[in-house]
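# Report on the structure
If you want the building blocks of each chain, they are given just below.
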Amino acid sequence: MKTITLSNGKVVEVECLSCALTSGVIEPDGGVVIETEYFHAHQDVAYPIKGLIILASKRHIKCFDELTEEERMDYVNILSKIRKAQRKVLGIEHVYYFYNEDTTHHFHTWMVPRYKWMYKFGRSVESVRPVLLHARNELNNDENIKEIMEAISALAEELNK
């Protein structure tokens, strides 16, 4: 079991956080943004950044090449749909996408929006870790959390029309 501290301060013990989230054992703050047969999208539970969406496979796999043909098609379609909604509903112009295979985690993609305040940390992939830590340490306040909850609701409404 791993002990994980969520952005809301709650500490959970799980074998796999993504499995716990996609199966409903842990409910992400704000709930599910959109769900398909193969994927589950939610606001990142570790970093309080408006529109930072995690798209996780429901099946516990680690690598992109483990996706079935149906899962790959669903992945591309849902990723595109989420991105379009981020732009339309939240005004997010730029997003960094990450997924890595050298982890014990299960397959998921981070959709990290880029806001103007983030550029003080740089404009490259190297800036992302300091941005995430800044968000966790400095943006974990009622005002920002309220904005995030409103964004989750707006995204979910747009995506589930």
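Residues numbered from 1 in each chain as written. Predicted model: local features only at pLDDT ≥ 70, side-chain atom pairs only at ≥ 80, totals over all residues. Heavy atoms only, no water.

The subject of this paragraph is the environment of Ala-154. Assignment of secondary structure puts Ala-154 in helix α4 (residues 142–159). C-alpha separation for the pair Ala-154 and Val-89, spaced 65 residues apart in sequence, amounts to 6.7 Å. (Helix = DSSP H or I, 4+ residues; strand = E, 2+ residues; numbered from the N terminus.)

Where helix α2 (residues 69–90) contacts α4, the two axes come as close as 10 Å, and the packing angle between them is 125°. Here α2 lies oblique to α4, going by the angle between them. In the crossing of α2 with α4, the sense of the turn from one axis to the other is right-handed. Listed contacts from α4 to Lys-81, Ile-82, Ala-85, Gln-86, Lys-88, Val-89 and Leu-90 of α2 are Ala-151, Ala-154, Leu-155, Glu-158 and Leu-159. Its residues assigned to classes, the contact of α2 with α4 comprises eight nonpolar, one polar and three charged. (Axes fitted to C-alpha atoms, helices over the stretch in contact; angles between N-to-C directions. Parallel < 35°, antiparallel > 145°, perpendicular 65-115°, else oblique. Left-handed = near helix turned anticlockwise from the far one by under 90°. Contact = heavy atoms within 4.5 Å. Nonpolar A, V, L, I, M, F, W, Y, C, P; charged D, E, K, R; others polar.)

Our focus in this paragraph is the packing of aromatic side chains. Tallying each qualifying case throughout the model produces nine aromatic pairs. On the numbers, 6.0 Å between centres and 45° between planes, the contact of Tyr-47 with Trp-110 is tilted. Here the residue Tyr-47 occupies a position in the loop between β4 (39–43) and β5 (53–57), and Trp-110 occupies one in strand β7 (residues 108–113), the gap between them amounting to 63 residues. Classification of Tyr-47 by relative accessible area gives buried; the value is 7%. Taking relative accessible area as the criterion, Trp-110 reaches 22% and is therefore assigned partly exposed. Ring geometry for Phe-64 versus Phe-107: centroids 6.2 Å apart, planes at 45°, classification tilted. Highlighted residues: Phe-64 in the loop between β5 and α2 and Phe-107 in the loop between β6 (95–98) and β7, separated in sequence by 43 residues. For Phe-64, a relative accessible area of 31% gives the class partly exposed. Directly above the aromatic system of Tyr-119 lies the positively charged group of Arg-123, at a separation of 3.9 Å from the ring centroid. (Phe/Tyr/Trp six-rings, centres within 6.5 Å; stacked < 30°, edge-to-face > 60°. Buried < 20%, exposed > 50% of the residue type's maximum accessible area, 1.4 Å probe, protein only. Lys NZ or Arg CZ within 6 Å of the ring centre and 35° of its normal.)

This next bit is on α2. Between its first and last C-alpha atoms α2 spans 31 Å; for 22 residues at 1.5 Å apiece the expected length is 32 Å, and the two agree. Where α2 is concerned, the buried positions are Glu-71, Asp-74, Tyr-75, Ile-78, Leu-79, Ile-82, Arg-83, Ala-85, Gln-86 and Leu-90. Along α2, the residues classed as buried sweep out an arc of 160° about the axis, all on the same side. What points out from α2, more than 90 degrees from its buried face, is the exposed set Lys-84 and Lys-88. For α2, the secondary structure elements touched by its buried residues are β3 (32–35), β4, β5, β6, β7 and α4. Gly-91 sits one or two positions beyond α2 and adopts a positive phi of about 70°. (Expected span 1.5 Å × (residues − 1). Arc of directions from axis to C-beta.)

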